[in-house]
Amino acid sequence: MPELPEVETARRGIAPYLEGQRIKKVIVRDSRLRWPIPDELPALMKGKVIATVTRRAKYLLLALPKGTTIMHLGMSGSLRIIDAKEPALLHDHVDIVLTSGKALRFTDPRRFGCVLWEPGKPEQHKLLAHLGPEPLGNDFDGERLFQCSRKRKAPVKTFIMDNKVVVGVGNIYANEALFAAGIRPDRQAGAISRQRYQLLADQIKQVLAKAIEQGGTTLKDFVGGDGKPGYFKQELKVYGRGDQPCTSCKKSLIEIRLGQRSTVFCNSCQS
DNA sequence: ATAATCACCTGCTCGC
DNA sequence: TGCGAGCAGGTGATTA
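Okay, so let's go over this structure. Within every chain, residues take consecutive numbers counted from 1 along the sequence as written. Starting at A for chains and at 1 for ligands, labels are handed out in the order in which the entities are written. Two thresholds apply to this predicted model, a pLDDT of at least 70 for residue-level local features and 80 or more for giving and counting side-chain atom pairs, whereas whole-chain, interface and lining totals are computed over all residues. The side-chain values count all of the structure's non-hydrogen atoms but skip hydrogen atoms and water molecules.

**What to know about the protein's contact with DNA strand B**
Basically, it comes down to this: It suffices for a single heavy atom of a residue to lie within 4 Å of a molecule or strand for the residue to be listed as near it. Under this definition, polar contacts are N or O atom pairs within 3.5 Å; protein pairs additionally need one hydrogen-donor-capable and one acceptor-capable atom, and for neighbouring residues in sequence, both atoms have to be side-chain atoms. We call Asp, Glu, Lys and Arg charged. Ala, Val, Leu, Ile, Met, Phe, Trp, Tyr, Cys and Pro are nonpolar, and the rest, Gly among them, are polar.
DNA strand B sits among Leu90, His91, Pro109, Arg110, Arg111, Phe112, Arg152, Lys153, Ala154 and Gln260. Within 4 Å of the protein, the atoms of DNA strand B are drawn from sugar and phosphate moieties in a proportion of 57%. Arg111 places a polar side-chain atom, nitrogen or oxygen, 2.9 Å from a sugar or linking oxygen of DNA strand B. Contacts to DNA strand B include Arg152, whose side-chain N or O atom sits 3.1 Å from a phosphate oxygen. Of the residues that constitute the surface near DNA strand B, the class distribution is four nonpolar, two polar and four charged.

In structure tokens form, the structure reads like this:
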């Protein structure tokens, strides 16, 4: 469940159970994630107190005294706070067990996620070092999109999903933001005006912020278990709605593929 | 440097 | 009912 709003929702859900808590042990049942979980990770974390739980892009960062645990949920990962003695199921790869009796359980059927260790500052890690600005921060705006896009021929949707341009815009919200901004996803990035990029940046921020707001509902799923997917589905205007009527003009939405990703737009509302 | 493709995995849905 | 094909919220690596 990993677009940025869900990662942020997960962060908010788990942080109160983790911050200030001491790690009793770390159980690794399967270290074969996108990158192997370091063998030494459990020993590095054991006995330490988690200072903070923060987020950079779609990475979650657990700040420990002498380093940071970096987690990513990939396509199918999820995190839950559980009672430490709850039996593990097939894809429950990691438990971070706390002395409080709770545990953070990392589950990921497809194993595209990761759990890594960075002994220095988290932003020094190879995966974090070259990321673009946070979409909801002040460093991201239409001017940046405009400047970064000059001479670029890739479709604008691919462009805004490029982590070096801006982080955290996944397939769902790329589709949604482009619809909200009235821009065709297959338009060349370099051929879009400054004014339209200002609109697009605003819509990216708005769509993500709204989804995070609604993510509050999901918080239960992450904390309590018993997760039900698709909590904000009713808000989606185009994603997953190919061939269905445009919510604005009622014409049939078009579904194409850009960069191997499903792309949906309205041929009359977006240009 | 940029763009397109591949790759990593499991699970689910669809059409035959 | 069974089975292969295709697709799924991500993104680094590889290839032109």
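**Here we look at the protein's contact with DNA strand C**
DNA strand C sits among 23 residues. The nearest are Glu6, Lys58, His72, Tyr239 and Arg257. Backbone atoms, meaning sugar and phosphate, make up 63% of the atoms of DNA strand C lying within 4 Å of the protein. One of the side-chain nitrogen or oxygen atoms of Lys58 is found 2.6 Å away from a phosphate oxygen of DNA strand C. Residue composition of the surface near DNA strand C, grouped by class: nine nonpolar, six polar and eight charged.

**Side note on the sheet that holds strand S8 (residues 114-118)**
Either a parallel or an antiparallel arrangement is found when strands of a sheet pair, and the pairing is made through backbone hydrogen bonds. How we decide: One bridge is not enough; two strands pair if DSSP finds at least two bridges between them. Only DSSP runs of H or I reaching four residues or more are called helices, and only runs of E reaching two or more are called strands; each is numbered from the N terminus. Angles run from 0 to 180 degrees between N-to-C directions of axes, and those axes are lines fitted to C-alpha atoms, restricted for helices to the stretch in contact. When checking whether two residues touch, look at their non-hydrogen atoms; a contact exists if any pair is within 4.5 Å.
If you walk across this open sheet you meet the four strands as S2-S3-S4-S8, and the pairing is antiparallel. What marks the edges here is a single partner per strand, and that holds for strand S2 (52-56) and S8. Sheet twist, expressed as the mean angle between neighbouring strand axes with direction ignored, is 25°. In this sheet, strand S3 (residues 59-64) lies alongside S2 in antiparallel orientation, the contact comprising five bridges. The partner of Arg56 across the bridge, within S3, is Tyr59. Of the strands in this sheet, S2 and S3 are in contact with helix H1 (residues 4-18), which crosses S2 at around 170°.

**Concerning unusual backbone geometry**
The phi dihedral of Arg111 falls on the positive side, at around 60°, and the residue is not glycine. The phi angle at Lys250 is positive, at roughly 75°, despite the residue not being glycine. Mapped onto the elements of the fold, Lys250 is located in the loop between helix H8 (219-224) and strand S9 (254-258).

**Focus on the packing of helix H6 (residues 171-181) against helix H7 (residues 194-215)**
What counts here: The scheme is simple: roughly parallel for angles under 35 degrees, roughly antiparallel for over 145, roughly perpendicular for 65 to 115, oblique for anything else. Take the far helix as your reference; a near helix turned counterclockwise from it by less than a right angle gives a left-handed crossing, and one turned clockwise gives a right-handed crossing.
Where H6 meets H7, the closest approach of the two axes is 8 Å, and the angle between their N-to-C directions is 125°. Classified by the interaxial angle, the pair formed by H6 and H7 is oblique. At the point where H6 passes H7, the crossing takes the right-handed sense. Together, Tyr173, Glu176, Ala177, Leu178, Ala180 and Ala181 of H6 and Leu199, Leu200, Gln203, Ile204, Val207, Leu208 and Ala211 of H7 make up the contact between the two elements. Each residue belonging to the contact of H6 with H7 can be placed in one class, and the counts come to 11 nonpolar, one polar and one charged.

**Some words on the environment of Cys114**
Of note, Cys114 is situated in strand S8. When the C-alpha atoms of Cys114 and Ile70 are compared, they prove to be 7.7 Å apart, with 44 residues separating the residues in sequence.

**A look at the packing of H1 against H7**
Where H1 contacts H7, the two axes come as close as 9 Å, and the packing angle between them is 40°. With respect to H7, the axis of H1 lies oblique. Relative to H7, the crossing made by H1 is right-handed. Touching Leu4, Pro5, Glu8, Thr9 and Arg12 of H1 are Leu208, Ala211, Ile212 and Gly215, all from H7. Considering only residue class, the contact of H1 with H7 consists of five nonpolar, two polar and two charged.

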